[in-house]
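Examination of the molecular architecture
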Amino acid sequence: MNTPSTRTRDGAGTEWWREAVIYQIYPRSFADSDGDGIGDLPGVVDRLDDLVALGIDAIWLSPFYPSPQADAGYDVADYRDVDPIFGRLTDADRLIAEAHRRGLRVIVDLVPNHTSSAHPWFVEALGAEPGSAARDRYVFRDGRGQHGDRPPNSWRSVFGGPAWTRTDNPDGTPGQWYLHLFDAGQPDLNWDSEQVRDEFVAILRFWLDRGVDGFRVDVAHGLVKQADLADWHYPEETTSGDHVDQPRPPMWDQDGVHEIYRQWRSVLDEHPGQQILVAEAWVQPAERLAAYVRPDEMHQAFNFEYLEAAWTSDAQRTVIERSLAATDKVGAPTTWVLSNHDVLRHATRLALPIGAARPRGIGANDPQPDTALGLRRARAATLLMLALPGSAYLYQGEELGLPEHTTLPDEVRQDPTWRRTDHTERGRDGCRVPIPWEADSPSYGFGPTDASWLPQPPVWAEYALDRQRDVPGSTYELYRTALRLRRDLGLGAGRLRWLESPEDVLACCVDEVTVVTNFGAEPVSLPPGTEPLIASGPLNGSGRVPTDVTVWARQRVR
Ligand code: GLC
Ligand code: MG
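Given the structure is predicted, the values throughout are model-derived calculations rather than measurements.

1. Points about the overall build of the protein
The number of helices and strands found in the protein is 15 helices and 16 strands. The C-alpha radius of gyration of the protein comes to 23 Å, within 12% of the 24 Å expected for a compact globule of 558 residues. Projecting the C-alpha coordinates of the protein onto the three principal axes gives extents of approximately 85 × 55 × 50 Å. Relative to its full complement of 558 residues, the protein shows a buried share of 62%. When the accessible surface of the protein is split by element, carbon and sulfur atoms take 49% of a total near 21300 Å².

Take a look at the structure:
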């Protein structure tokens, strides 16, 4: 029932996730069934056949739980229900059943680092005494200074501003402070609390019993904080655990998180079927990340070092080599990813100056990236990624070649980053714009009306699915063909071997397939005796691979 027939070439019984291509659905921007301008679960059900046609193995849904939407649903007020804007719990059940009927697996998002401030636990904590059991589920502390009016430590919120907010006592006097590594509407849980641990095991079981195939674990590197909550002196980078050469920040990637995931793994292992845990952990280097996917912990961890690698043959080869080596050591697959709902879409990111730091959003007054260059590189990057052994995640709309919306009016922005940084960082709205399905329909087929919670740019018409389906050379057909070949050729389960190649060219074999990406200015020839199977862009007249193009080739059959 909840074990769909496996669609990999090895037949049933394989560990499906080791080579799966998993498609991220950001529910509010995928498909709107009721015309309120916000995508919903019935909308997803209506589009499942399109996902089957694309050729993916599983979907991951960003949170759809009841939430005040202070951070687009990553502020969960009830972990066991569906927010009315997205539908009802029965819609989630129907979605799981309908996906399974089509051989697609379903991964849901689990947000354990924090709840919403509207969660009954937090409401109870606010009304309770300092030192009470209710407060102990969160991280409450007295402030510093004579009147306790300075935050307990120097930590900053990932979205800007202090990571602490002061509360009022029931009598109206200023009280303790609570920790929130993200928005003030997202108080951090205290993972030393047995109640917190028990509750999340119960939540896992709740969704396992409803038939889900796994959990994407939000902020998996953040649950445990250094016990003394020591001050942290920030280098320029404020937000992640990827401080390669510096001491580890006291709020990220603490060793204590692993015990939690070992417990969760045992909960999953007790359950029939093959459900997985995938870590969202912004942790570098690759060896530290690999600790999250040791045999008794999670199954996958997003490879963000790969996502952030510069578009040069050196940087790409280094990160691929290093990631494979690190995960091989622990017997896990590498989990490739180029885009998600938190970063600039790669069709835009790859147009930025090579090696530049990743900006947090682009606005109408910023220099506008070259869309054609970005798309050309994005197609090359995707074709390279889909050849690599391991699992890969796609983010809704990338199969259409969608760029970031880089000219959103500031008034419509909803990412708390924009507000919390006093309007200096625009944030992530530009990658979250509802996606286009039909060029000539209202809201480009996103829903039955014109309504769209973020405005869609007019260029969406040319990216719409119905403009690309069956159109040779379209980005959509490139994805579809690549996904079919990847499956037929078993590339996800393949072995990678590097080939000698000119500078600025990356060349490797994955099993029988030769993969060449040209980062250089001059076109290059394919290895002798091979012929192209698929290319991310047109080859030049003599069959050579131009700049920013990836080709898969095979031995010429005589
Ligand atoms: C993760 C999510 C992001 C969210 C944050 C806080 O990074 O991917 O969207 O804002 O966690 O939950
Ligand atoms: Mg809706």
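2. A few points about the sheet that holds strand β5 (residues 164–168)
Ordered by their spatial adjacency, three strands build an open sheet running β4-β6-β5, and the pairing between neighbours is antiparallel. At either margin of the open sheet sits one strand with a lone partner, and together these are β4 (140–141) and β5.

3. With respect to the nonpolar core
The biggest cluster of nonpolar side chains holds 142 residues, and the ones touching the most others in it are Tyr 23, Ile 56, Trp 207, Phe 215, Tyr 261, Trp 264 and Trp 552. Among residues more than four places away in sequence, those in contact with Tyr 261 are Val 217, Ala 220, Leu 223, Leu 277, Tyr 292, Asp 296, Glu 297 and Met 298. Membership of the second largest hydrophobic core comes to 16 residues, among which are Trp 155, Trp 177, Leu 181 and Val 219.

4. Observations concerning the domain arrangement of the protein
Domain boundaries assigned for the protein yield domain 1 (16–115 + 192–478), domain 2 (120–179) and domain 3 (495–555). Taking only C-alpha atoms into account, the centre of domain 2 sits 57 Å from that of domain 3.

5. A few points about helix α4 (residues 120–127)
Within an α-helix, residues lying three or four positions from one another point in the same direction, as the helix has 3.6 residues per turn. Trp 121, Phe 122 and Ala 125 are the residues of α4 that are buried. Buried residues of α4, viewed axially, fall in a sector of 95°; they line one side. Exposed residues pointing more than 90 degrees away from the buried face of α4 are listed as Pro 120 and Gly 127. For α4, the secondary structure elements touched by its buried residues are β4, β6 (174–179) and α5 (194–209).

6. Side note on the coordination of the magnesium ion (ligand 2)
Surrounding the magnesium ion (ligand 2) are the protein donor atoms Asp 32 (OD), Asp 34 (OD), Asp 36 (OD), Ile 38 (O) and Asp 40 (OD), which sit 2.2 to 2.3 Å from the metal. Here the donor residues for the magnesium ion (ligand 2) map to a single chain with the spacing D-x1-D-x1-D-x1-I-x1-D. Per residue, the accessibility class of Asp 32 equals that of Ile 38, and both read buried.

7. Considerations on the pattern of salt bridges
Counting across every chain of the model gives 40 salt bridges. Across the salt bridge formed by Glu 98 and Arg 101, the nearest N and O atoms sit 2.9 Å from each other. Placement of the pair is Glu 98 and Arg 101 together in helix α3 (residues 89–101), with a separation of three residues, close to one helical turn. Note that Arg 426 and Asp 410 form a salt bridge whose closest N and O atoms lie 2.9 Å from each other. Of this pair, Arg 426 sits in the loop between α12 (416–420) and α13 (460–463) while Asp 410 sits in the loop between β11 (391–395) and α12, placing them 16 residues apart in sequence. Shared partners join several salt bridges into a network, and the residues in it are Asp 71, Asp 342, Asp 415, Arg 428 and Arg 432.

8. Some details on the pairing of strand β13 (residues 505–510)
The buried count for β13 comes to six of six residues, which makes it a mostly enclosed element. Burial along β13 is two-sided: the residues Val 505, Ala 507 and Cys 509 and Leu 506, Cys 508 and Val 510 are all buried. Here three bridges tie strand β12 (residues 496–498) to β13, and the two strands are oriented antiparallel to one another. Each bridged residue has a counterpart across the sheet, and for Arg 497 the counterpart in β13 is Cys 509. In this antiparallel pair of consecutive strands, β12 and β13, the connection spans six residues, and Asp 504 shows a positive phi of 70°.

9. Describing the pairing of strand β7 (residues 214–217)
Burial along β7 is two-sided: the face carrying Gly 214 and Arg 216 and the face carrying Phe 215 and Val 217 are both buried. Pairing of β7 with strand β8 (residues 276–279), which is carried by four bridges, proceeds in the parallel orientation. By the bridge assignment, Arg 216 is partnered in β8 with Val 278.

10. Re helix α6 (residues 257–270)
Between its first and last C-alpha atoms α6 spans 21 Å; for 14 residues at 1.5 Å apiece the expected length is 20 Å, and the two agree. For α6, every residue scored as buried is listed here: Val 257, His 258, Ile 260, Tyr 261, Trp 264, Arg 265, Val 267 and Leu 268. Its buried side turned inward, α6 meets β3 (105–110), α5, β7 and β8.

So, how was this worked out
Residues numbered from 1 in each chain as written. Chains lettered and ligands numbered in written order. Predicted model: local features only at pLDDT ≥ 70, side-chain atom pairs only at ≥ 80, totals over all residues. Heavy atoms only, no water. Helix = DSSP H or I, 4+ residues; strand = E, 2+ residues; numbered from the N terminus. Rg over C-alpha atoms; globule rule 2.2 N^0.38 Å. Buried < 20%, exposed > 50% of the residue type's maximum accessible area, 1.4 Å probe, protein only. Areas by Shrake-Rupley, 256 points an atom, 1.4 Å probe, with all protein chains shown as cover. Pairing = 2+ DSSP bridges. Core = buried A, V, L, I, M, F, W, Y, C linked by side-chain atoms within 4.5 Å. Contact = heavy atoms within 4.5 Å. Domains from an automatic or database assignment. Arc of directions from axis to C-beta. Donors = N, O, S within 2.8 Å, 3.2 Å for Na, K, Ca; no water. Salt bridge = Lys/Arg side-chain N within 4 Å of Asp/Glu carboxyl O. Expected span 1.5 Å × (residues − 1).

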